[in-house]
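Now for the letters of each chain:
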Amino acid sequence: MNSIKRLTGMLVLGVIALAVTADPARAEVSGETQFIFNTFSFLVHGFLVLWMAAGFAMLEAGLVRTKNTTMQLTKNIGLFSIAGIMFYLMGYNVMYDGVDGGFMGGISIWGADDSAVLADGAKIEGGYAASSDWFFQMVFVATAASIVSGTLAERIKLWPFMIFVVVLAGLIYPIQGSWEWGGGWLNTDSFKASFGDEFKDFAGSTLVHSVGGWAALTGAIILGARKGKYGADGAVHPIPGSNLPLATLGTFILWLGWLGFNGGSQLAMGSAADAVAISNIYVNTTMASAAGVVAAMLLTQVIYKKVDLTMALNGALAGLVSITAAPDGDSVMLSMFIGAVGGALVVFTVPLLDKLKIDDVVGAIPVHLVAGIWGTLAVALTYGSEGASFMAQLVGVVSIGAFVIVSSAIVWFVLKMTIGIRVDEEEEVLGLDKTELGLEAYPEFGSGSKAM
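The rules behind each value
- Residues numbered from 1 in each chain as written.
- Predicted model: local features only at pLDDT ≥ 70, side-chain atom pairs only at ≥ 80, totals over all residues.
- Heavy atoms only, no water.
- Helix = DSSP H or I, 4+ residues; strand = E, 2+ residues; numbered from the N terminus.
- Buried < 20%, exposed > 50% of the residue type's maximum accessible area, 1.4 Å probe, protein only.
- Contact = heavy atoms within 4.5 Å.
- Axes fitted to C-alpha atoms, helices over the stretch in contact; angles between N-to-C directions.
- Parallel < 35°, antiparallel > 145°, perpendicular 65-115°, else oblique.
- Left-handed = near helix turned anticlockwise from the far one by under 90°.
- Nonpolar A, V, L, I, M, F, W, Y, C, P; charged D, E, K, R; others polar.
- 1 Å grid on protein atoms, 1.4 Å probe; cavity = no way out; pocket = protein on both sides within 12 Å on 5 of 7 lines; lining within 4 Å.
- Points joined across faces, edges and corners; volume = space filled by probe spheres on them.
- Expected span 1.5 Å × (residues − 1).

Residue-level account of the environment of Gly84, with values.
Position of Gly84 among the secondary structure elements: in helix α4 (residues 69–96). Residue classification places Gly84 among the buried residues on the basis of a relative accessible area of 11%. Expressed as a C-alpha distance, the spacing of Gly84 and Gly270, which sit 186 residues apart in the sequence, is 27 Å. Setting aside anything within four residues of it in sequence, one finds Gly84 in contact with Trp134 and Met138.

Here it is as structure tokens:
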């Protein structure tokens, strides 16, 4: 036993000696290792964001009525697939290829060629595999499309919705994304000179979430409310979801996936500084969401004398959306404040939409649009006056909002005037599962069914 202790002690001393005497330059991570870790970060964080698609599917399936569950599941797997294909065919290059301070890139099919990088070791340092970047960027556009799906549930036709996703993923999302992330006009010296700084949106409070929110709001207004949601006398008739456990599961899946959403947006993991930054992002993201939950729970208790689970779930998501524009800040307390305000905004925005007779089935507009705007403007708090300009943030929000509203409205109106976007009244009453798909999510509970 003593000999084992002596041997262990010698090994520990040896490691310490090596650490003390090692050449600092030799201790640095090599360029190829940086390349590997950066690529690894894109891929792992990317599949966490992909997992958010399951979260959206479960959340929406739980918050719609039983008779429309299969439709929501079908839309979610369909929109993810269509968004990915469109981002490959044109979206990625529209967003990133040759924007050069302008309003969009080129329309062409994306293609990866890392042969030059692999042939020249000097080009590897600090880089990443091109395909890993495409994969990480692609899963973001599907998130924007999922937001629209939840708002317009229970009365929109399947194929008109999918056509809208084609345009959203191929043009609307990448065009406005190019303005900031692609090096477009919101990121130019002239914009900085005019408004004090460039527009900043670290992981997409506006570029992803508000875009989906604006498209959803426009569609909800043009599509109209569900039958029976609002009375002629102005009364609001709540339509509860079918499966709150499923909605809760979906929220937790989204929370997990969001760590990839925000953490991966560091866009590098090849240094100790990057590893520290990603760790801080994880903490800020989690605590902002937690604060959003608590704020929603406390407010619903005070206002309605009961805690509303659906508000708590959306409070969590609103906290996540709010912090997404600047999850890399130094203060956890400030992140919690930003998330708490996002959760509170949900509680106040839901009844406001009902007063305006805007029917949002899952609460996506308060969560993704309202909290997304708040989080983007709050960047000025996170980075301070020397790190961000409130006016630059406001101009970015308004410009992107105006573009998405106009472009979305054109697409929705064209679809409405041609093939129609809404199912007829009888189909809506029977449910879209039966009438649009002919396949029920819970057939054993259907009318006329018998247990075997």
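That was the structure; now back to the text.
So what's going on with the packing of helix α9 (residues 205–223) against helix α16 (residues 390–418)? Residues and values would help.
Packing of α9 against α16 brings their axes to within 8 Å, and their N-to-C directions diverge by 40°. When the interaxial angle is binned, α9 and α16 end up oblique. Both α9 and α16 take part in a crossing whose hand is right-handed. Side by side, α9 and α16 meet where Thr206, Leu207, Val211, Trp214, Ala215, Thr218, Gly219 and Ile222 of the first sit next to Val397, Ile400, Gly401, Val404, Ile405, Ser408, Ala409, Trp412, Phe413 and Lys416 of the second. Partitioning the contact of α9 with α16 into residue classes produces 12 nonpolar, five polar and one charged.

Describe in detail empty space enclosed by the protein, supporting the description with residues and values.
Evaluation of the coordinates by the stated rule reveals two cavities of 30 Å³ or more. Of the pockets and cavities examined, the largest cavity occupies roughly 70 Å³. Lining the largest cavity are 13 residues, and of these Phe56, Leu59, Val362, Ala364 and His368 sit closest to its centre. Here the residues of the lining of the largest cavity are counted per class, giving seven nonpolar, five polar and one charged. Reported here for the second largest cavity is a volume of approximately 50 Å³. If you go around the second largest cavity, the residues you meet are Val49, Leu50, Met52, Ala53, Phe56, Phe80, Val139, Ala142, Thr143 and Ser146. Broken down by secondary-structure element, the contributors of at least two residues to the lining of the second largest cavity are α3 (31–63) and α6 (130–151). The greatest single-element share of the lining of the second largest cavity, amounting to five residues, is contributed by α3.

Give a description of α16 that names residues and reports values.
Compared with an ideal rise of 1.5 Å per residue, which puts 29 residues at 42 Å, α16 spans 42 Å between its outermost C-alpha atoms and is within 8% of the ideal. Two residues or fewer after α16 comes Gly420, characterised by a positive phi angle close to 80°.

Just geometry here; none of it tells us what the structure is for.
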